[in-house]
Amino acid sequence: MKKITKEQIERLEKSEHVASVNENQVVFTDEFKQLALQEWKSGVGPKQIFDKYDIGYAILGTCRVKNNLDRWKKQESRLEGFQRIKGSGRPKKPTFNSVEEENEYLKNQLEYQQQEIEFLKKLKALEVKYQRKKNTK
């Protein structure tokens, strides 16, 4: 996606429908999301919606507008609505209060990965066995 210029950021910041904006993303208010979906459902096109509320369809671009509308449609049907779901982003890197705590975490990670490797080895062996049976028939 294209970056948003400083001038465009300044314009978007003036809109009452924009909660926050930076060069990579625009966060809209829940009220605007609801308004946009209502208008879209009544047959108004995305370009008309964003231009009507002085957000600037051209600033965001077709792809960003389409992605927003698609995401808002899904969010609308959730119990939480447009509210962000806590913990739905990337998992945070753990922070440790002591070296012992970090060592324990790393030991658990290592054990988990070793179990995963063993599982994959067994899976590969089964695949090879299956291929041999298949080729002998």
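Everything that follows concerns the structure shown earlier in this document.
Residues numbered from 1 in each chain as written. Predicted model: local features only at pLDDT ≥ 70, side-chain atom pairs only at ≥ 80, totals over all residues. Heavy atoms only, no water.

1. Looking at the side chain of His-17
- Considering the arrangement of structural elements, one finds His-17 in the loop between helix 1 (6-13) and strand 1 (18-21).
- Ignoring any residue separated from it by four or fewer positions in sequence, one finds His-17 in contact with Phe-28, Thr-29, Phe-32, Leu-35, Tyr-53 and Ile-55. (Helix = DSSP H or I, 4+ residues; strand = E, 2+ residues; numbered from the N terminus. Contact = heavy atoms within 4.5 Å.)

2. Considering the packing of aromatic side chains
- Throughout the structure, instances matching the rule amount to eight aromatic pairs.
- Their ring planes at 80° and their centres at 5.7 Å tell us that Phe-32 and Tyr-53 sit as a pair that is edge-to-face. Taken as a pair, Phe-32 in helix 2 (residues 30-41) and Tyr-53 in the loop between helix 3 (46-52) and helix 4 (57-60) lie far apart in primary sequence, 21 residues in all. Judged on exposure class, the residue Phe-32 and its partner Tyr-53 are both buried.
- Relative to Trp-72, the ring of Phe-50 lies with its centre 6.3 Å away and its plane at 20°, an arrangement referred to as stacked. (Phe/Tyr/Trp six-rings, centres within 6.5 Å; stacked < 30°, edge-to-face > 60°. Buried < 20%, exposed > 50% of the residue type's maximum accessible area, 1.4 Å probe, protein only.)

3. Focus on the environment of His-17
- Take His-17: its relative accessible area is 12%, and that puts it in the buried class.
- Residues His-17 and Lys-129, 112 residues apart in the sequence, show an inter-C-alpha distance of 60 Å.

4. Let's talk about the nonpolar core
- Of all hydrophobic cores here, the largest spans 21 residues; its most connected members are Leu-12, Val-26, Phe-28, Phe-32, Phe-50, Ile-55 and Trp-72.
- Elements with a minimum of two residues in this core: helix 1, strand 1, strand 2 (26-28), helix 2, helix 3, helix 4 and helix 5 (62-77).
- Here Ile-55 is in contact with Arg-11, Leu-12, Ser-15, His-17, Phe-28, Phe-32, Phe-50 and Leu-60, once residues within four sequence places are set aside. (Core = buried A, V, L, I, M, F, W, Y, C linked by side-chain atoms within 4.5 Å.)

Any link to function would need more than the numbers given here.
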